[in-house]
There are 2 protein chains.
Amino acid sequence: MELNKEALKNLDRISRIKIMNSVSGIKPANLIATISNDGVTNVAVFSSVVHLGSDPALLGFILRPTGDVPRNTYNNILENKSYTINHIHPEFVEKAHYTSAKFDENISEFERCGLTEEYIEECKAPFVKESSFKMGMLFKEAIDIKLNGTILVIGEIQHLVLPAAELDKNHINLEYTDSVGISGLNSYYSLKKIADYPYARVNEVPDFK
Amino acid sequence: MELNKEALKNLDRISRIKIMNSVSGIKPANLIATISNDGVTNVAVFSSVVHLGSDPALLGFILRPTGDVPRNTYNNILENKSYTINHIHPEFVEKAHYTSAKFDENISEFERCGLTEEYIEECKAPFVKESSFKMGMLFKEAIDIKLNGTILVIGEIQHLVLPAAELDKNHINLEYTDSVGISGLNSYYSLKKIADYPYARVNEVPDFK
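Notes on the structure in this doc start here. (Residues numbered from 1 in each chain as written. Chains lettered and ligands numbered in written order. Predicted model: local features only at pLDDT ≥ 70, side-chain atom pairs only at ≥ 80, totals over all residues. Heavy atoms only, no water.)

Another aspect to go through is the relation of the copies chain B and chain A. The two copies are related by a screw motion: chain B maps onto chain A through a turn of 180 degrees and a shift of 0.0 Å along the axis, at an RMSD of 0.0 Å. Those values place the two copies in the arrangement expected of a two-fold rotation axis. Of every C-alpha in chain B, the one belonging to Leu191(B) sits nearest the axis of rotation, 2.5 Å from it. Mapped onto chain A, 100% of the interface residues of chain B again fall at the interface, so both copies present the same surface. (Least-squares fit on C-alpha atoms with pLDDT ≥ 70 in both. Contact = heavy atoms within 4.5 Å.)

Now the structure itself:
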């Protein structure tokens, strides 16, 4: 089935949102957690975390336009530069999903959605205790994307927690870490590894002809 | 297992690259294809395609620093503003992987890796025929990320091809479209849907306490 520019333009609003949120392919399922200087915590599901570089270790994520809804996550990050990114696992995927509801600013999604705050000395923002693969982040930069009013928020990894067996192999298997993927706005997927290939060197490329 | 800032700093280069390319979670497996004004085609695997917005329908992807390696993909996009994003499926995941080798500029990865170019009138760049879920893109903007010299390339979806059964349901199941995920630099995953939840409204959030 093909949709040309005209057909894409004529999609109704809901169809457009559902389709356009799915076409990039599978997205990582993460909870981003923060705390305000008043001590109110916030946690919300994000599917837009993207690898930007390994040295320095930078991750980005995309924030919807300001003015749309109150953005506690972003305000907290600007206040104290600290946030955490926590992989979602199948056991708490439903709780994680409902953090996307637009709760009042003074309500912590941790409490309302049955998730547990966990703190370490080096990181002001709370981690999600239920997650076994998570990172403490230091805010570095926010880049405005003027085309549609979104913001690319960039941070550096300060602290990394993950299952020891995975790290030992120096080769992290997301099937064993039980990490979850998202498509669209509300579908969640488990992962099954189907292939590993070596680093691709020109003189080692198989003869595919 | 925990790695604090000091431990992260002391990782050897290869371990750092492998780990840091995995921590964001599952990444979408896409082939981005272009053509130069001289008619030389180019196709390469990218794991950084990210949804930026539905109206206009914008997708971004991250390019490594200029000067690192010749970047045919980017040069071609700047030349004629056209590129395609094509989901990778299990049947050609090995061919897709080897497009990441650093072939000479005048060699087309389509030919060398056994993939097939496919053209439509509305799009100058080639699609990957083997993919059943793909998009023709119009380049809109390149944003420099000064922190590490990467570039966020943004384009608007002009043309969308996907399995009709998926579109009809208005709810695209990436398990049925046989779309693939990536972790790190060289591990590929199939997807299995484990849950769908409704749009999260505050007054419909289950009692998780």
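That shown, we press on.
Bringing the interface of chain B and chain A into the picture now. If you look at the interface, chain B gives 101 residues, while chain A gives 101 residues. In total, about 9500 Å² of surface goes out of reach between chain B and chain A, with carbon and sulfur atoms giving 64% of it. The tally of links between chain B and chain A comes to two salt bridges. Two residues, Asp55(A) and Arg16(B), come together in a salt bridge whose shortest N-O distance is 3.8 Å. (Buried area = accessible area lost by both parts, 1.4 Å probe. Salt bridge = Lys/Arg side-chain N within 4 Å of Asp/Glu carboxyl O.)

Residue and element names in this part refer to chain A. For the coordinates displayed, the defined rule picks out eight salt bridges over all chains. Salt-bridge contacts for Glu-118 lead to Lys-134; the nearest nitrogen and oxygen are separated by 2.7 Å. Within this pair, whereas Glu-118 is found in strand β8 (residues 117-120), its partner Lys-134 is found in strand β10 (residues 134-145), the two being separated by 16 residues in sequence. A residue is classified by how much of its surface remains accessible, and Lys-134, at 4% relative accessible area, is buried. (Helix = DSSP H or I, 4+ residues; strand = E, 2+ residues; numbered from the N terminus. Buried < 20%, exposed > 50% of the residue type's maximum accessible area, 1.4 Å probe, protein only.)

Once that is clear, we can look at the packing of aromatic side chains. On inspection of all chains with the given rule, the structure shows 10 aromatic pairs over all chains. For the ring pair Tyr98(A) and Phe208(B), a centre distance of 6.1 Å and an interplane angle of 50 degrees mean the geometry is tilted. Placement of the pair is Tyr98(A) in helix α4 (residues 93-98) and Phe208(B) in the segment after β13 (187-196), with the two residues belonging to separate chains. Centroid distance Phe46(B) to Phe61(B): 5.0 Å. Interplanar angle 70 degrees. Geometry classified as edge-to-face. Of this pair, Phe46(B) sits in strand β4 (residues 41-46) while Phe61(B) sits in strand β6 (residues 57-63), and the two are 15 residues apart along the sequence. By the burial criterion, Phe46(B) is buried, and Phe61(B) matches it. Grouped by ring-pair contacts, the aromatic residues Tyr98(A), Tyr188(A), Tyr197(B) and Phe208(B) constitute a single cluster. (Phe/Tyr/Trp six-rings, centres within 6.5 Å; stacked < 30°, edge-to-face > 60°.)

Everything listed is a geometric property; what it means functionally is a separate question.
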